[in-house]
Amino acid sequence: MKKFLVFLMLVLPAVLLTVNTGSSPFAFAAEDELDEELVDVETEDAAVVADETEPEDEPETTKSPDADTFLLFTRPLHATGSQLELPAGYPVEFLVGFSNKGQFEDFVVESVEASFRYAMDFSYFIQNFSAVAYNREIKPGHEATVSYSFLPTESFAGRPFGLNIALNYRDGRGNQFSEAVFNETVQITEVDEGLDGETFFLYVFLAAIVILLLVLGQQFLGSYGKRKRPTAARKVVETGTTNTKDVDYEWIPSETLKQMQNSPKSAKSSPKQSPRQRKAKAGLQ
């Protein structure tokens, strides 16, 4: 037993020392795995950083030092410094001016093309418009103007897009140039003109309600007036000269009275004569 204790006391420190110094094979395996994990993480981070630092693709543009270009929107009109608004479903027209400020070489304006790009990334095409070929030769010190037009789709209304307008030309030595004369974000707007179906039916519905209210009001006023109408006053019937008691014949000439008495109609229709009338008649006779 004493020998076992002595052996344990001699071996135990050696084992502890070996573990603390990392000389165990298990310790080496753990360290190797840890180092491999660190290397993998570093390579992944490097790849992510490389992806993030890649420059965005931009439209390729080249310009000749002996050429100047100008752009003017004629429909719609555009004020410098403000965002361009294009009405959906209506043609957009503009002029592109080219000036040859060189002294020896001629330039040839080949074509003009336009395209809608994604507003957040101009390298992503949304819609390409047809390129118009001109092939106009411009002498040194001369200028030329070309026109171009396109039609924004109505489905693009209410959204921003990048508008790229490129002028393609070449010099007398055959060098090709493609200059972006316009490369900005534009707003496609919706134009509310005319009377649409919803507004038309809304007006019809309102007109029907107004007519119905007028009819109901007329009927109510008519029934209310009948109930409140006062009783009609008795009609006064004029008797004319049927009552001869109060008739004064003295002012009538005697000749006229004789004619009245002798006429057959007056004899039939004459009522009973009063005593006064009899006296007047006797006096005339």
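Residues numbered from 1 in each chain as written. Predicted model: local features only at pLDDT ≥ 70, side-chain atom pairs only at ≥ 80, totals over all residues. Heavy atoms only, no water.

I'd like a rundown of the overall build of the chain, residues and numbers included.
Of regular secondary structure, the chain possesses six helices and nine strands. Out of the 285 residues belonging to the chain, those deemed buried represent 20%. Carbon and sulfur atoms provide 58% of the accessible area of the chain, an area that totals close to 22,100 Å². (Helix = DSSP H or I, 4+ residues; strand = E, 2+ residues; numbered from the N terminus. Buried < 20%, exposed > 50% of the residue type's maximum accessible area, 1.4 Å probe, protein only. Areas by Shrake-Rupley, 256 points an atom, 1.4 Å probe, with all protein chains shown as cover.)

Quick rundown of the side chain of Asn-168? Include the residues and the values.
Within the fold, Asn-168 resides in strand β8 (residues 160–171). Non-local contacts of Asn-168, meaning those with residues more than four positions away in its chain, are made with Val-108, Val-109, Glu-110, Ser-111, Glu-113, Phe-177 and Ser-178. (Contact = heavy atoms within 4.5 Å.)

Break down the side chain of Glu-179 for me, citing the residues and quoting the values.
As for its placement among the helices and strands, Glu-179 is situated in strand β9 (residues 176–189). Filtering out sequence-adjacent residues up to four positions away, Glu-179 remains in contact with Thr-61, Thr-62, Lys-63, Thr-69, Ile-165, Ala-166, Leu-167 and Tyr-169.

Hey, could you go over the sheet that holds strand β3 (residues 92–100) for me, with residue numbers and the actual values?
Strands sit in the order β1-β3-β7 across an open sheet of three strands; the sheet is antiparallel. Strand pairing shows two members of the sheet lacking a second neighbour, β1 (67–75) and β7 (143–150), which therefore form its edges. The average undirected angle you get between the axes of adjacent strands in this sheet is 20 degrees. Judged from the eight bridges that link them, β1 and β3 form a sheet pairing that is antiparallel. Bridge pairing in β3 places Leu-71 opposite Val-96. (Pairing = 2+ DSSP bridges. Axes fitted to C-alpha atoms, helices over the stretch in contact; angles between N-to-C directions.)

Hey, could you go over the nonpolar core for me, with residue numbers and the actual values?
Nonpolar side chains tend toward joint burial in soluble globular proteins. With 31 residues, the main nonpolar core has Leu-86, Phe-116, Phe-150, Leu-163 and Ile-165 as its most contacted residues. The contacts of Leu-163, once residues within four sequence positions are left out, are Phe-73, Leu-84, Leu-86, Ser-115, Phe-116, Phe-150, Phe-182, Asn-183, Glu-184 and Val-186. (Core = buried A, V, L, I, M, F, W, Y, C linked by side-chain atoms within 4.5 Å.)

Could you give an account of a nonpolar patch on the surface, with specific residues and numbers?
Residues Leu-202, Tyr-203, Phe-205, Leu-206, Ile-209, Leu-212, Leu-213 and Leu-216 make up a contiguous nonpolar surface patch of about 800 Å² in total accessible area. Following the sequence through the fold, Ile-209 ends up in helix α3 (residues 197–228). Judged by relative accessible area, which is 34%, Ile-209 ranks as partly exposed. (Patch = residues over 30% accessible without salt bridge, like charges linked within 9 Å, V, L, I, M, F, W, Y side chains within 5 Å. Salt bridge = Lys/Arg side-chain N within 4 Å of Asp/Glu carboxyl O.)

So what's going on with unusual backbone geometry? Which residues, and what values?
A cis amide bond links Arg-75 to the next residue, Pro-76, at an omega of -5 degrees. Tracing the sequence through the fold places Pro-76 in the loop between β1 and β2 (85–87).

Can you lay out the pattern of salt bridges for me, pointing to particular residues and giving the numbers?
Overall, the coordinates contain seven salt bridges when judged by the stated rule. Across the pair Lys-63 and Glu-179 runs a salt bridge whose closest N-O atoms are separated by 4.0 Å. Residue Lys-63 is found in the loop between α2 (25–52) and β1, and its partner Glu-179 is found in strand β9; the two are separated by 116 residues along the sequence. Measuring nitrogen to oxygen at the nearest pair gives 4.0 Å for the salt bridge that ties Asp-171 to Arg-173. Overall, Arg-173 belongs to the exposed group, its relative accessible area being 63%.

Residue-level account of the pairing of β8, with values.
β8 sits mainly inside the fold: ten of its twelve residues count as buried. Summarising the sheet, strand β4 (residues 107–118) and β8 pair through ten bridges and their orientation is antiparallel. By the bridge assignment, Ser-115 is partnered in β8 with Asn-164. Both β8 and β9 contribute to a ladder of eleven bridges, which runs antiparallel.

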